Amino acid sequence: MDTQSVFIVDNYIGGSWTPPASGKRVPSLNPARHGETVGEVPVSGIDDLNRAVAAADEARRAWNMLTGAQRGAFLFKAADLLENRIEEIGRTMTREMGKTIGEAKGETARGAAILRYYAGEGMRKTGDVIPSTDADALMFTTRVPLGVVGVISPWNFPVAIPVWKMAPALIYGNAVVWKPATETAVTASLVMQCFHDAGFPAGTVNMVVGSGAVVGQGIAEHPGIHGITFTGSNGVGKRVGQAALARGAKYQLEMGGKNPIIVAADADLELAAEAAVSGGLRSTGQKCTATSRAIVVSEVYDAFKEKLLAKVSNLVVGDGLDAKTWLGPCANENQYDTVMNFIRKGKEEGAVLLVGGERPDDPALREGFYVTPAVFEGVTPEMSIAREEIFGPVLALIEVRDLKEAIAAANDTEFGLSASLYTRNIGNALTFIKESEAGLVRVNAETAGVELQAPFGGMKQSSSHSREQGTAAIEFYTSVKTVFVKP
Ligand code: NAD
């Protein structure tokens, strides 16, 4: 049992920790023991947001006057601080949203790597020279920041996602106003403290904690915010996009997934089963890239199912702080209820629950939002568990005749984030790469897994068709200026 004291979180505005104008806070609870309060986090309003936007607006020009290398130096410092505090940040993340301590520390280390990657981007080229038809002229492109960028982030990756948005925003000369998910606002405040201690000039980066309906919507509608980057659910993302579009702001949305793994007749079944478990159930299935459908060719269906069930039955469910735990609780009560509803619907709609999908028997786990990892079979395309994002430890097995049918089933979804194929046949792999309707296509690798130096984003309803991370980020966080100069 962790007996740390309760964190009292403030907003971070204009370089200072500032209580919310309302004076109100709500508890952030440990999903492994719902009686345990990790912190008390602000209930902010539009006044707080306005102050943060004003601070960012005041800071942004001086910040943009610095060289990329100078801005990068702040990012390098923040990276070192995040890394030095990996134990505290990792433990807080686990206590606040349930993922295992290994995953939480891994995510924090990833945050440091992202900051270093973008610190280096401050020294790289930002334009091209284009031959002019005028012999006397020099024509080139350069890039300028958007101004103030609003960052709206979810609870499932409370360090990596905001850092992969804030780091490029800052390196390209923008100031930031960040609204983290309330559920993980304590972890967010520890990230913000690293930025503060790295010495970022006051106002370049701000954090306002509050509800999505007030502070999130406020960011989408705020005339002082020039670009909005959002990661979260589809329903909310669409509203954010519409509000941004209505006032002509730039926006970027990364949203849900219904990611398939295809197991071909010539797959290495051991590896494929391992990938379905790891991709589908790590982080309690709460990754946007989590596998939720295993589409298996008939010839190997029974053999694959046997391997999968053997692995799933051995997974240890428990408190993420316990070193033995492989699968922590759902991140909050709402998420737990959603997962349980999908399991009930799956049964009602005629799918067969092969294993899991229950509260664990262990009395030590009675106080947490735990669900044992579930595998359904007999899942048909029209069922809710085949179509909707569950965001929990639930895998749907779908049997198909051949690879052609498998690819059609994989694409039979409104989402298009990640898709994976297990095969030993290069021809199968090439067909899948060409035909898969997903932004991340992975062969002999699980659906989850993102490399920070490569573009990340979805097709179809999974994104607004822009890409984050790697060198793709510059496209969102800057505008191109074409410059024409004559002597
Ligand atoms: P969510 O949409 O409920 O919340 C995301 C953020 O939006 C939170 O900060 C929330 O407070 C805010 N918000 C809520 N209502 C708002 C409104 N009306 N206006 C503006 N902001 C508002 O999502 P969640 O439950 O926190 O996260 C889970 C979802 O995120 C899943 O759908 C998952 O697939 C998705 N996700 C996508 C990616 C990706 O990169 N594609 C990565 C991680 C998570």
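Residues numbered from 1 in each chain as written. Predicted model: local features only at pLDDT ≥ 70, side-chain atom pairs only at ≥ 80, totals over all residues. Heavy atoms only, no water.

A. Main features of the overall build of the chain. A tally of regular secondary structure across the chain gives 15 helices and 21 strands. For the chain, whose C-alpha radius of gyration is 23 Å, the value lies close to the compact-globule estimate of 23 Å for 487 residues. Seen through its principal axes, the chain has C-alpha atoms that stretch 75 × 60 × 40 Å. The buried share of the chain, reckoned over its 487 residues, is 59%. Residue pairs at least 24 apart in sequence account for 73% of intrachain contacts in the chain once pairs closer than 6 positions are excluded. Per element, the accessible surface of the chain, about 19000 Å² overall, is 54% carbon and sulfur. Of the side chains in the chain, 47 bear a positive and 55 a negative charge, and the two mean positions are spaced by 5 Å. (Helix = DSSP H or I, 4+ residues; strand = E, 2+ residues; numbered from the N terminus. Rg over C-alpha atoms; globule rule 2.2 N^0.38 Å. Buried < 20%, exposed > 50% of the residue type's maximum accessible area, 1.4 Å probe, protein only. Contact = heavy atoms within 4.5 Å. Areas by Shrake-Rupley, 256 points an atom, 1.4 Å probe, with all protein chains shown as cover. Lys, Arg positive; Asp, Glu negative; His and termini not counted. Charge placed at Lys NZ, Arg CZ, Asp CG, Glu CD.)

B. The arrangement of the site of the ligand in detail. Not every one of the 27 residues close to the ligand is listed here, only the nearest: Ser153, Ser233, Met255, Cys288 and Glu389. Gly212 places a polar main-chain atom, nitrogen or oxygen, 3.4 Å from a nitrogen atom of the ligand. Met255 is positioned such that a nitrogen or oxygen atom in its backbone is 2.8 Å from a nitrogen atom of the ligand. Protein chains shield 89% of the accessible area of the ligand, which is 850 Å² for the free molecule. Mapped onto the shell around the ligand, the elements with two or more residues apiece are helix H7 (212-221), strand E10 (227-231) and helix H8 (234-246). Looking at the shell around the ligand residue by residue, the classes come out as 14 nonpolar, 9 polar and 4 charged. Built from parts of two domains, the shell around the ligand gets at least three residues from each of domain 1 (7-255 + 463-485) and domain 2 (259-452). (Near = heavy atom within 4 Å. Polar contact = N/O pair within 3.5 Å; in protein donor to acceptor, adjacent residues only side chain to side chain. Nonpolar A, V, L, I, M, F, W, Y, C, P; charged D, E, K, R; others polar. Domains from an automatic or database assignment.)

C. Spatial organisation of the pattern of salt bridges. One pass over the structure, following the stated rule, counts 26 salt bridges. As a salt-bridge pair, Asp128 and Lys125 come within 2.7 Å of each other at their nearest N and O atoms. Classification of Asp128 as partly exposed rests on a relative accessible area of 41%. Salt-bridge contacts for Glu270 lead to Lys311; the nearest nitrogen and oxygen are separated by 2.6 Å. Note that Glu270 is positioned in helix H9 (residues 269-281) and Lys311 in helix H10 (residues 298-313), a separation of 41 residues in sequence. (Salt bridge = Lys/Arg side-chain N within 4 Å of Asp/Glu carboxyl O.)

D. Inspection of unusual backbone geometry at higher detail. Even without being glycine, Ser283 reaches a positive phi, approximately 55 degrees. Tracing the chain through its elements places Ser283 in the loop between H9 and strand E13 (291-297).

E. Region of interest: the packing of aromatic side chains. Evaluated as defined, the whole model comprises 10 aromatic pairs. Here the aromatic rings of Phe74 and Phe200 are separated by 5.4 Å at their centres, their planes lie at 40 degrees, and the arrangement is tilted. With a gap of 126 residues between them, Phe74 in helix H2 (residues 68-84) and Phe200 in the loop between helix H6 (185-197) and strand E9 (205-207) connect regions that are remote in the sequence. Accessibility expressed as a relative area gives 16% for Phe74, which makes it buried. Each ring, one from Phe476 and one from Tyr477, has its centre 5.0 Å from the other, and the planes form 85 degrees; the classification is edge-to-face. Residue class for Phe476 comes out buried when judged on its relative accessible area of 3%. Here the aromatic cluster, defined as three or more aromatic residues joined through ring pairs, consists of Trp63, Phe74, Phe195 and Phe200. (Phe/Tyr/Trp six-rings, centres within 6.5 Å; stacked < 30°, edge-to-face > 60°.)

F. Here's a closer look at the sheet that holds strand E1 (residues 7-8). The strand order across the open sheet formed by 3 strands is E1-E5-E4, and the pairing between neighbours is mixed. Both edges of this open sheet fall to E1 and strand E4 (25-29), since each of them pairs with a single strand only. By the bridge criterion, 2 bridges tie E1 to strand E5 (residues 37-42) in an arrangement that is parallel. Paired with Ile8 across the two strands is Glu40, which belongs to E5. In the packing of helix H3 (residues 86-97) onto the sheet, the strands contacted are E1, E4 and E5, and the crossing angle to E5 comes to about 90 degrees. Contacting E1, E4 and E5, H6 runs over the sheet at an angle of about 70 degrees to E5. (Pairing = 2+ DSSP bridges. Axes fitted to C-alpha atoms, helices over the stretch in contact; angles between N-to-C directions.)

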